[in-house]
Amino acid sequence: MQSKGFDLNHIKKMFYKYGVKNLTMDDVAHELGISKKTLYQQVKTKNDLVFAVLNDDFEKFKKDVGKMVTSTAGAIPRLYELYRLFQESTKFITPVFVFSLSKTNPELASDIRKKYHKYIIDVVSDIMDAGQKDGDFIAAFKEDFPRLVAGYILQSGTWHLEERGENIEFNSAFYLQIGGICTEEGKKTLDRFIKKSH
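Residues numbered from 1 in each chain as written. Predicted model: local features only at pLDDT ≥ 70, side-chain atom pairs only at ≥ 80, totals over all residues. Heavy atoms only, no water.

A. Molecular detail of the overall build of the chain. Scanning the chain from terminus to terminus reveals 11 helices and 2 strands. Seen in sequence order, the chain has helices and strands lined up from the N terminus as β-β-α-α-α-α-α-α-α-α-α-α-α. Along the three orthogonal principal directions, the C-alpha set of the chain runs to about 65 × 35 × 30 Å. Looking at the chain residue by residue over its 198 residues, the buried ones come to 41%. Excluding contacts between residues fewer than 6 apart, the proportion of contacts in the chain whose partners are at least 24 apart in sequence is 71%. When the accessible surface of the chain is totalled, it reaches about 11,000 Å², and 54% of it is carbon and sulfur. Positive and negative side-chain charges of the chain, numbering 30 and 27 respectively, have mean locations separated by a distance of 3 Å. (Helix = DSSP H or I, 4+ residues; strand = E, 2+ residues; numbered from the N terminus. Buried < 20%, exposed > 50% of the residue type's maximum accessible area, 1.4 Å probe, protein only. Contact = heavy atoms within 4.5 Å. Areas by Shrake-Rupley, 256 points an atom, 1.4 Å probe, with all protein chains shown as cover. Lys, Arg positive; Asp, Glu negative; His and termini not counted. Charge placed at Lys NZ, Arg CZ, Asp CG, Glu CD.)

Quick look at the structure:
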């Protein structure tokens, strides 16, 4: 995505690879082939640039989820796609980036996490409502499940799994999470969906 006259995707990859603290504005300007003065005419601080990168990712995620919700039939496939979209959107984020962001700008780290958390809760709540109407989900978990899913999704980015040296198969993790809230009919739907997606 182009913003403020430069390529945020390129800058994003640099931040995600090297971290916020390790990447200087000199590095960014050099990589973009512009002067540091020109860069500072576009953004006032490195924090502004990090905010632009994170906000761009969040807006792209919301757009992708919105498209998915309208084009995917059924609550279980929608939840699956939500998990997959988040995994896809965070695949380039490294532990170096997460650690350096939390150290250099804990407020921004907290704010972006809260934005994702609230958005995921809202989306999962809507999916839960549809799943209950379709007879796939048990109504008893309507209040707690969206918060649990949001917490899980935000903690399950691929960099977390790689950092711990674990290899958790995506479909297995999804099945274990969703199976507990399914009705008997929902479990049949979930079983069919998982077999089909292997």
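B. Representation of the nonpolar core in the model. In this structure, F137 and I178 are the most contacted members of the largest nonpolar core, which totals 57 residues. Considering each element in turn, this core owes the most residues, 11 residues, to helix α7 (residues 106-133). Contact partners of I178, with chain neighbours within four places excluded, come to L79, Y83, F137, F145 and L190. (Core = buried A, V, L, I, M, F, W, Y, C linked by side-chain atoms within 4.5 Å.)

C. Focus on the packing of helix α5 (residues 75-89) against helix α11 (residues 184-197). In the contact formed by α5 and α11, the axes pass within 9 Å of each other and the chain directions differ by 50 degrees. One finds that α5 runs oblique with respect to α11. For the crossing formed where α5 meets α11, the hand is right-handed. Taken together, the residues of α11 that come into contact with α5 (itself represented by I76, P77 and Y80) are G186, T189, L190, F193 and S197. Considering only residue class, the contact of α5 with α11 consists of 5 nonpolar, 3 polar and no charged. (Axes fitted to C-alpha atoms, helices over the stretch in contact; angles between N-to-C directions. Parallel < 35°, antiparallel > 145°, perpendicular 65-115°, else oblique. Left-handed = near helix turned anticlockwise from the far one by under 90°. Nonpolar A, V, L, I, M, F, W, Y, C, P; charged D, E, K, R; others polar.)

D. Broad picture of the confidence of the model for the chain. For the chain, the average pLDDT comes to 87, and 90% of its residues sit at 70 or higher. Mean pLDDT in the chain bottoms out at helix α9 (residues 158-163), which sits at 42, and peaks at helix α4 (residues 46-71), which reaches 95. (pLDDT = per-residue confidence, 0-100.)

E. Examining the packing of helix α1 (residues 8-18) against α4 more closely. Where α1 contacts α4, the axes come no closer than 10 Å and their chain directions differ by 105 degrees. If you check the angle between α1 and α4, you find them roughly perpendicular. Between α1 and α4, the residues in contact are L8, N9, I11, K12, F15 and Y16 and K46, L49, V50, A52, V53, L54, D56 and D57, respectively. In terms of residue class, the contact of α1 with α4 is built from 9 nonpolar, 1 polar and 4 charged.

F. Focus on the environment of D126. With respect to the helices and strands, the residue D126 is situated in helix α7. Judged by relative accessible area, D126 falls into the exposed class, the value being 53%. In the structure, D126 is positioned 106 residues away from V20 in sequence and 35 Å away in space, judged by C-alpha atoms.

G. Representation of helix α6 (residues 95-104). Turning to α6, its buried residues are F97, S100 and L101. The arc that holds the buried residues of α6, viewed along the axis, is 100 degrees, so those residues lie on one side. In α6, those exposed residues whose orientation departs by more than 90 degrees from the buried face are F99 and K103. Each element contacted by the buried residues of α6 is listed here: α1, α4 and α7. (Arc of directions from axis to C-beta.)

H. Broad picture of the pattern of salt bridges. In the structure shown here, the tally under the stated rule is 9 salt bridges. The residue K118 makes a salt bridge to D122 at a minimum N-O spacing of 2.9 Å. Here D122 and K118 lie together in helix α7, a separation of 4 residues that amounts to about one turn. According to the relative accessible area criterion, K118 is exposed, its value standing at 54%. Relative accessible area serves as the criterion here: at 36%, D122 is assigned to the partly exposed category. Through salt bridges with shared partners, one network takes in K12, D56 and D57. (Salt bridge = Lys/Arg side-chain N within 4 Å of Asp/Glu carboxyl O.)

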